Amino acid sequence: MSTSESHGNIESHLHETRHFAPPEEFARQANIGSEEQYQAMCTRAAEDPAGFWGEIALDNLTWSKPFDSAMQGDMPDTKWFVGGEINASVQCLDRHLTTWRKNKAAIIWEGEPGDKRVLTYQELHRQVCKFSNVLKQLGVGKGDRVTLYMPMIPELAIAMLACARVGATHSIIFGGFSADAVAERNNDAQAKLVITADGGWRRGSEILLKKAVDESLDKSPTIEKVVVVKRINYPHVKMVPDRDYWWHDLMEGQPGEFEAEPVDSEHPLFILYTSGSTGKPKGVQHSTAGYMLGAMMTTKWTFDIKEEDTYWCTADIGWITGHSYIVYGPLANGATTLMYEGAPNWPDEGRFWSIVEAYKVNTFYTAPTAIRAFIKWGDQWPKQHDLSSLRLLGTVGEPINPQAWMWYHEVIGDEKCPIVDTWWQTETGGHMLAPLPGIQTTTPGSCTRPLPGVVADVVDEQGNSLGPNEGGLLVIKQPWPHMLRTLWNDHDRFLDTYFSKLPGMYFAGDGARKDEDGNFWVMGRVDDVLNVSGHRLSTMEVESALVSHDDVAEAAVVGFPHELKGEGICCFVTLKGDAAAPAALEDELKKHVRSQIGAIATPDQIRFTVAVPKTRSGKIMRRLLRDIAAGRETVGDTTTLEDYSVLMKLRGGEEKEG
Ligand code: 6R9
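A quick note: this is a predicted structure, and the numbers were derived from the prediction, not measured.

A. Spatial organisation of the overall build of the chain. Each helix and strand counted, the chain has 20 helices and 30 strands in total. Expected size for 658 residues packed as a compact globule is a radius of gyration near 26 Å; at 24 Å, the chain falls within 12% of this value. In terms of overall dimensions, the chain has a C-alpha envelope of 70 × 60 × 50 Å along the principal axes. Looking at the chain as a whole, 64% of its 658 residues are labelled buried. Counting contacts in the chain only where the partners sit at least 6 residues apart, residues at least 24 apart contribute 70% of the total.

This is the structure in structure tokens:
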């Protein structure tokens, strides 16, 4: 994030007026059921954060040793639940075993080829204990780091919880990353062990993970051993004696009990690398107690989680969303979490909906990028399935265009499911701004209000609060238990990235505005803001205007150098279906944006494309499009790009990946 540029106020021109109150039936049964209760929680948290969170921590976490003080120190170096000892795997497993949940499904898993597994809490506990014994045998314990580079299979969750159980810190690397990315993260974390698989399935092809690990090991001097899960029966796995071990061999005969190692509240549960636009990836470090509390409470509040729910978050566990909302949050609540290995369009574009129907999924949590893909693929896919089990829908990852929100509401939610648009980050550990689905009237495109205990605001460059509908910088003004503690081995970068711009506040890097009702509208990364003739416009608003046109599936908007305006507006547009763009559409879209937002936002260029470049977690990479729009060479890191061929197609030529 560049701190040198000026990020003045951002203008907002797009106003959404559709409102949706929670259905009465939903409101009646909600975990947080009244506005008064929400207000009381917010007031208490603002006046006495230590008291507010301390009570919740005593009520909801199982402590090996109770903490002496709930909170110590101010932002940025706040410590939570000081003196306490706890183990994250106990929160997710052991404490459910003494209740009727012992034989409840903890994880319902489906592989891409259609294989299925259900792990009850008892069975998951047994597997985690067995693997904890394996870790101990391999010499891994408190103070060690372990790299997990695995497909979306139950062994990934087992490995995470076993690391937590023995007190080791896990660092999960998304299975789509290259050998070099693995080596870079191994080295930064000084990891000792890698857990991987022979491979995983993606759209019917095999992704060879162990092969990539082998390549990474030449450059990863700290790695001593590798554990390999057999997932795809790949016949040519190279196993190096005394270094590489099969998971199933190691697990054989291990005892199904392992006494969890209590760790200090602030002990690093995990590191998760997140890439900035420049420089090496940042190792976001999360604590044990504070993180677990955040993951647990936000799951309870935002997803209104219930015992009998089948809850499905479609993210990959390699991202923070999977950490908090496939594994730690749902399991800490004793919920049933569904885990799916593969792609949404394999063997066909109805795969997700057939899973919803088969398992009677109640809560479904996905990303705007996926929703835009569903729209592009057509309503016929969801319409072929019975989706009536759904009671709540969620979205995360990017601002959601109101058009996509409405489609989600109508076609997937049958107009009866509240939608929770959850704004948060790898760094925040859990949801920060999100509707409480039982009380909050929602508006398409707004992530509504701060959750209890979150003090958020929109401020100008000097840190002054802005008035209604004035766009500015999104900040958090009070520490929260699940915030990142540091960047691994780089506390200076931590201070510089999040706390130097506005002293005493956490700067998220996003632009936002608050409307007259106090609802937040996230306008995208401040680094992406357009500056047209001195007007600072949000990319999200221009994109939403484009997407509101019937023919448009997705749009990515960037600025490019313009002699008169400073910056011109260049729009990359993909259309619904496969038809080529009619000649008149370019002009029509320009007029459409003009009528939706105003003359200032009239696009200078519309470029039709088959796809826009995205990160592997589905976020549009406007940085690369800026280079293309300006006719520049691509500079900076492209290793997080999901599909490199998209960039090549946009450029109309060859380019070396890297
Ligand atoms: C959880 C996750 C964080 C960035 C964040 C923002 C964008 C996420 C959003 C959203 C608008 C939402 N973002 N959720 N923007 N509305 N509901 O995505 O973490 O990968 O670290 O990304 O994603 O720009 O700053 P992470």
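B. Structural detail: the domain arrangement of the chain. As assigned here, the chain comprises domain 1 (24–450 + 461–511) and domain 2 (529–651). Both sides of the domain 1 and domain 2 interface together cover about 1800 Å² of buried area, and 54% of this is carbon and sulfur. For the pair domain 1 and domain 2, the interface holds one salt bridge. Close ionic contact of R372 with E554 constitutes a salt bridge, the shortest N to O distance being 2.4 Å. Linking domain 1 with domain 2 are seven residue pairs in polar contact (both at pLDDT 80 or more). Elements with a minimum of two residues in the side of domain 1 that touches domain 2: α13 (368–377) and α15 (402–412).

C. Focus on unusual backbone geometry. Of note, the bond from M75 into P76 is cis; its omega dihedral lies within 30 degrees of zero at 0 degrees. Note that P76 resides in the loop between β1 (69–72) and β2 (79–82). Of the consecutive residues W346 and P347, the connecting peptide bond is found in the cis state with omega at -5 degrees. Here P347 is to be found in the loop between β17 (336–340) and α12 (351–359). You will see that N233, though not glycine, has its phi angle at about 55 degrees, which is positive. Within the fold, N233 resides in the loop between β11 (225–229) and β12 (244–246). Overall, the relative accessible area of 56% leaves N233 in the exposed class. Even without being a glycine, D242 presents a positive backbone phi close to 65 degrees. Inspection of the secondary structure assignment puts D242 in the loop between β11 and β12.

D. Fine view of the packing of helix α6 (residues 154–166) against helix α11 (residues 320–332). With their axes 12 Å apart at the nearest point, α6 and α11 run at an angle of 60 degrees to one another. Classified by the angle between their axes, α6 and α11 sit oblique to one another. In terms of crossing hand, the pair formed by α6 and α11 is right-handed. Between α6 and α11, the contacting residues are A157, M160, L161 and A164 on the first element and H323, V327, Y328 and L331 on the second. In the contact of α6 with α11, the residues fall into seven nonpolar, one polar and no charged.

E. A look at the site of the ligand. Around the ligand, a shell composed of 16 residues is seen, among which D421, T422, T426, D510 and R525 lie nearest. At a separation of 2.7 Å, a nitrogen atom of the ligand approaches a polar side-chain atom of D421. The separation between a nitrogen atom of the ligand and a polar main-chain atom of T422 is 2.7 Å. Burial of the ligand by the surrounding chains reaches 90%, relative to a free accessible area of 530 Å². Mapped by element, the contributors of at least two residues to the shell around the ligand are α11 and β25 (520–525). Residue classes in the shell around the ligand are distributed as six nonpolar, five polar and five charged.

F. Highlighting helix α16 (residues 491–499). Along α16, the positions that sit buried rather than exposed are F494, T497, Y498 and F499. Viewed along the axis of α16, the buried residues span an arc of 150 degrees, placing them on a single side of the element. Elements that come into contact with the buried residues of α16 comprise β15 (282–286), β23 (486–487) and β24 (506–514).

G. Focus on the nonpolar core. Among the nonpolar cores identified, the biggest contains 140 residues, and F81, L124, F131, L148, I195 and Y328 are the most heavily contacted of them. The greatest single-element share of this core, amounting to 10 residues, is contributed by α6. Counting 30 residues, the second-largest nonpolar core is a separate cluster that includes V356, I375, I400 and I412.

H. Layout of the UniProt feature "binding site: ATP" (unreviewed entry) in the chain. As recorded in UniProt, the feature "binding site: ATP" (unreviewed entry) lies at G397, E398, P399, D421, T422, W423, W424, Q425, T426, D510, R525 and R536. Across 140 residues of sequence, these annotated residues are also dispersed in space, with a maximum C-alpha separation of 26.7 Å. For T422, the location among the structural elements is in the loop between β20 (419–421) and β21 (456–459). Those residues in contact with T422 that lie beyond four places of it in its chain are T302, Y365, T395, V396, H431, L433 and A434. Polar contacts involving the side chain of T422 include one to the side chain of Y365, which spans 2.6 Å. Relative to the helices and strands, T426 resides in the loop between β20 and β21.

I. Spotlight on the state of the cysteines. Tallied over the full model, the rule gives zero disulfides. Of all cysteine sulfurs, the one in C92 lies closest to C313, which takes part in no disulfide; the gap is 15 Å. Free of any disulfide, C417 has its nearest neighbouring cysteine sulfur in C313, separated by 17 Å. Here C417 falls in the buried class, since its relative accessible area comes to 3%.

J. Here's a closer look at the sheet that holds β21. Spatial ordering of the open sheet is given by β21-β22-β24-β25, a layout of four strands whose pairing is antiparallel. The open sheet has two edge strands with one neighbour each: β21 and β25. With direction set aside, neighbouring strand axes in the sheet form an average angle of 45 degrees.

Definitions and cut-offs
- Residues numbered from 1 in each chain as written.
- Predicted model: local features only at pLDDT ≥ 70, side-chain atom pairs only at ≥ 80, totals over all residues.
- Heavy atoms only, no water.
- Helix = DSSP H or I, 4+ residues; strand = E, 2+ residues; numbered from the N terminus.
- Rg over C-alpha atoms; globule rule 2.2 N^0.38 Å.
- Buried < 20%, exposed > 50% of the residue type's maximum accessible area, 1.4 Å probe, protein only.
- Contact = heavy atoms within 4.5 Å.
- Domains from an automatic or database assignment.
- Buried area = accessible area lost by both parts, 1.4 Å probe.
- Salt bridge = Lys/Arg side-chain N within 4 Å of Asp/Glu carboxyl O.
- Polar contact = N/O pair within 3.5 Å; in protein donor to acceptor, adjacent residues only side chain to side chain.
- Axes fitted to C-alpha atoms, helices over the stretch in contact; angles between N-to-C directions.
- Parallel < 35°, antiparallel > 145°, perpendicular 65-115°, else oblique.
- Left-handed = near helix turned anticlockwise from the far one by under 90°.
- Nonpolar A, V, L, I, M, F, W, Y, C, P; charged D, E, K, R; others polar.
- Near = heavy atom within 4 Å.
- Areas by Shrake-Rupley, 256 points an atom, 1.4 Å probe, with all protein chains shown as cover.
- Arc of directions from axis to C-beta.
- Core = buried A, V, L, I, M, F, W, Y, C linked by side-chain atoms within 4.5 Å.
- UniProt positions renumbered as here; feature names shortened; annotations may be inferred.
- Disulfide = S-S within 2.5 Å.
- Pairing = 2+ DSSP bridges.

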